[in-house]
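Each chain, written out:
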Amino acid sequence: MLRIVLGTQLRRLREKRHITLDQAGNAIRASHSKVSRMENGRVSFRVRDVADLLTLYGVRDEKDRAPLLALVERANLPGWWHDYGDVLPTWFETYVSLEEAASVIRNYEVQFVPGLLQSEEYARAVVRLGFPDAPEDEVRRRVDLRMARQRILDGAQSPHLWAVLDEAVLRRPLGGAEVMRGQIDHILRMIRKPNVTVQIAPFSIGGHAAAGGPFSLLRFAQPDLPDIVYMEQLTSAVYLEKRTDVDRYLEVMERLCIEAEPASKTEDILLRMRDAL
């Protein structure tokens, strides 16, 4: 998140001075593609490189340079999720860091309960499904990572999680009926939090706007961070931040929330589903 903020500020300074990526790359003895990756927050920063770029961009006053150089140090500090590097793929590490910084997280799911709402036993069943041959230690690490992610919902600056679940998510007894009952109880506890909203999209609505599949929308309080759409695949993920793409997914999410049952009915729906298991 901090890398994206710093990269955005560097790009604005460069464009304001009408300096090309090639010229910026020459100033730090690198290629234009490295500068582009820096501006997109995709690589770590060196203090020397940022200092040279600030000089090139005409930022010479120490009081203007100091905050940006200090941001380099902060941006390079590893997040808590680095402790799970053995089970955290690079393409998902990006999402975890963005999730940590988001002010609003909106999910639409068709197969699984979102990771931020999973009970420990349900999470174990999901991990076992995806990694059937993994040893128990690895399964435990993956479940621990998922549980650690959920701590963002309890902090002073917690994001608002707004999830829309297709009815199929709750009808599929992943891990067995007992695990699914525990999962539904867990969601019932979570929706009592003021920053958690859950809606159910019932089978009765037929086709709907989000028929293309599950996705997440992340919004940030920092003005330098654009909204991001995240779509997970089997061994990779897609991140969209182009305004036209994000607006399209936002429109789909809004329509889906209108078509789904209102959040005020979620508790009754979940209780009926739990009793039917």
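Everything numeric in this text was worked out from a predicted model, so none of it was measured.

A. View of the pattern of salt bridges. Using the criterion set out here, one finds 24 salt bridges in the structure. A salt bridge links Glu138 to Arg142; its shortest N-O distance comes to 3.0 Å. Taken together, the positions of Glu138 and Arg142, both in helix H8 (residues 136-149) and 4 residues apart, correspond to about one turn of that helix. Classification of Glu138 by relative accessible area gives partly exposed; the value is 25%. Between Arg171 and Glu167 there is a salt bridge, and its shortest N-O distance comes to 2.9 Å. Within this pair, Arg171 and its partner Glu167 are both found in helix H9 (residues 167-171), separated by 4 residues, close to a single helical turn. Under the relative-accessibility criterion, Glu167 is labelled buried at 10%. Counted as one network, the salt bridges with shared partners bring together Arg219, Asp227, Arg243 and Asp247.

B. Region of the structure containing the UniProt feature "domain: HTH cro/C1-type" (unreviewed entry) in the protein. Per the UniProt record, "domain: HTH cro/C1-type" (unreviewed entry) is annotated on residues 10-65. With 64% helix and 0% strand, residues 10-65 has end C-alpha atoms that lie 11 Å from one another.

C. Spotlight on the environment of Ser97. Mapped onto the elements, Ser97 comes out in helix H6 (residues 90-101). Note on Ser97: relative accessible area 15%, which makes it buried.

D. Broad picture of the nonpolar core. By size, the foremost hydrophobic cluster in this structure holds 66 residues, and its most contacted members are Leu10, Ile105, Leu117, Leu165, Leu170, Leu218 and Phe220. In terms of residue count, the dominant contributor to this core is helix H10 (residues 177-190) (6 residues). Beyond its immediate sequence surroundings of up to four residues, Ile105 is in contact with Tyr95, Glu99, Leu116, Ile152, Pro159, His160, Leu161, Trp162, Leu217 and Leu218. Counting 14 residues, the second largest nonpolar core, distinct from the first, contains Tyr108, Ala201, Met253 and Leu256.

E. Spatial organisation of the pairing of strand S3 (residues 196-201). A large share of S3 lies buried, amounting to 6 of its 6 residues. By the alternation rule, side chains of S3 split into Val196, Val198 and Ile200 and Thr197, Gln199 and Ala201, which are all buried. Examined bridge by bridge, strand S2 (residues 160-166) and S3 share 6 bridges and lie parallel to one another. Bridge pairing in S3 places Ala163 opposite Val198.

F. Molecular detail of helix H1 (residues 2-16). Given a rise of 1.5 Å per residue, 15 residues ought to cover 21 Å, and the 21 Å separating the end C-alpha atoms of H1 matches this to within 8%. All buried positions along H1 are accounted for by Ile4, Val5, Leu6, Gly7, Thr8, Leu10 and Arg14. Of the residues flanking the end of H1, it is His18, one or two places downstream, whose phi is positive at about 55 degrees.

G. Geometry of the packing of helix H4 (residues 47-56) against helix H5 (residues 62-75). Running from N to C, H4 and H5 cross one another at 155 degrees; their axes reach a closest spacing of 10 Å. Compared by their axis directions, H4 and H5 come out roughly antiparallel. For the element pair H4 and H5, the recorded crossing hand is right-handed. For the pair H4 and H5, contact is made by Val47, Val50, Ala51, Leu54 and Thr55 and by Arg65, Leu68, Leu69, Val72 and Glu73, respectively. When its residues are assigned to classes, the contact of H4 with H5 shows 7 nonpolar, 1 polar and 2 charged.

Conventions adopted
Residues numbered from 1 in each chain as written. Predicted model: local features only at pLDDT ≥ 70, side-chain atom pairs only at ≥ 80, totals over all residues. Heavy atoms only, no water. Salt bridge = Lys/Arg side-chain N within 4 Å of Asp/Glu carboxyl O. Helix = DSSP H or I, 4+ residues; strand = E, 2+ residues; numbered from the N terminus. Buried < 20%, exposed > 50% of the residue type's maximum accessible area, 1.4 Å probe, protein only. UniProt positions renumbered as here; feature names shortened; annotations may be inferred. Core = buried A, V, L, I, M, F, W, Y, C linked by side-chain atoms within 4.5 Å. Contact = heavy atoms within 4.5 Å. Pairing = 2+ DSSP bridges. Expected span 1.5 Å × (residues − 1). Axes fitted to C-alpha atoms, helices over the stretch in contact; angles between N-to-C directions. Parallel < 35°, antiparallel > 145°, perpendicular 65-115°, else oblique. Left-handed = near helix turned anticlockwise from the far one by under 90°. Nonpolar A, V, L, I, M, F, W, Y, C, P; charged D, E, K, R; others polar.

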